[in-house]
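Chain by chain, the residues run as shown.
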Amino acid sequence: MPIVTDGLAILPSIVRTVQIRSAENILDLVETDQTDPAGRWRWRANGNKVYFEKATAADWASYDSALLMGSLGATCFVVASDAKAEVKNFAQLLQHLGYPTWVCDGDNDQEEIQAAI
């Protein structure tokens, strides 16, 4: 897999379009001053859905979805299972008001989020 590092700043002057083509497209964002899983984020497109995810274990053994956009343009805001209590409470309020918000409980979250979308 090609890795783009500090040279990214010159990319807009060289390339007008960047495409990643695969059955499952993943763009990893790695903070090099952090130890895995800290500082590991990714955009992932699969099954006509796009996810923005945060690693919760080394080598992506587990992760939380921070944002999910479904095939019909539906967007669901996802709150990680390890989020602060006040963030979870606010998300539950938004959920109660009818906003597409999912609060993870750490149990089968990925399948439940996909079913909700």
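All of these numbers come straight from a predicted model, not from anything done at the bench.

J.: What's the story with the overall build of the chain in this structure? I'm lost.
T.: Along the chain, the regular secondary structure elements total three helices and six strands. Going from the N terminus to the C terminus, the chain shows its helices and strands as α-β-β-β-β-β-α-β-α. Once local pairs closer than 6 in sequence are excluded, the contacts in the chain between residues at least 24 apart make up 20%. Working note: accessible area of the chain is about 8,300 Å², and carbon and sulfur atoms make up 56% of it.

J.: Looking at this structure, I do not really get helix H2 (residues 85–96). What am I missing?
T.: The α-helix winds at 3.6 residues per turn, so residues separated by three or four positions along the chain end up facing the same way. Compared with the 16 Å implied by 1.5 Å per residue over twelve residues, the 16 Å span of H2 between its first and last C-alpha is a close match. Just downstream of H2 lies Gly98, where phi reads positive at about 100 degrees.

J.: Looking at this model, I keep getting lost on the confidence of the model for the chain. Mind explaining?
T.: Atomic detail in the predicted coordinates should be set aside for any region of low pLDDT. Mean pLDDT for the chain: 77, with 74% of residues reaching 70 or above. Highest mean pLDDT in the chain belongs to strand E2 (residues 40–46) (90); lowest belongs to helix H1 (residues 11–14) (56).

J.: It is not clear to me how a nonpolar patch on the surface should be interpreted in this structure. Could you clarify?
T.: Together, Ile20, Leu27, Leu29, Trp43, Val50 and Met69 line one region of the surface with nonpolar side chains, adding up to about 510 Å² of accessible area. Secondary-structure assignment places Trp43 in strand E2.

Definitions and cut-offs
- Residues numbered from 1 in each chain as written.
- Predicted model: local features only at pLDDT ≥ 70, side-chain atom pairs only at ≥ 80, totals over all residues.
- Heavy atoms only, no water.
- Helix = DSSP H or I, 4+ residues; strand = E, 2+ residues; numbered from the N terminus.
- Contact = heavy atoms within 4.5 Å.
- Areas by Shrake-Rupley, 256 points an atom, 1.4 Å probe, with all protein chains shown as cover.
- Expected span 1.5 Å × (residues − 1).
- pLDDT = per-residue confidence, 0-100.
- Patch = residues over 30% accessible without salt bridge, like charges linked within 9 Å, V, L, I, M, F, W, Y side chains within 5 Å.
- Salt bridge = Lys/Arg side-chain N within 4 Å of Asp/Glu carboxyl O.

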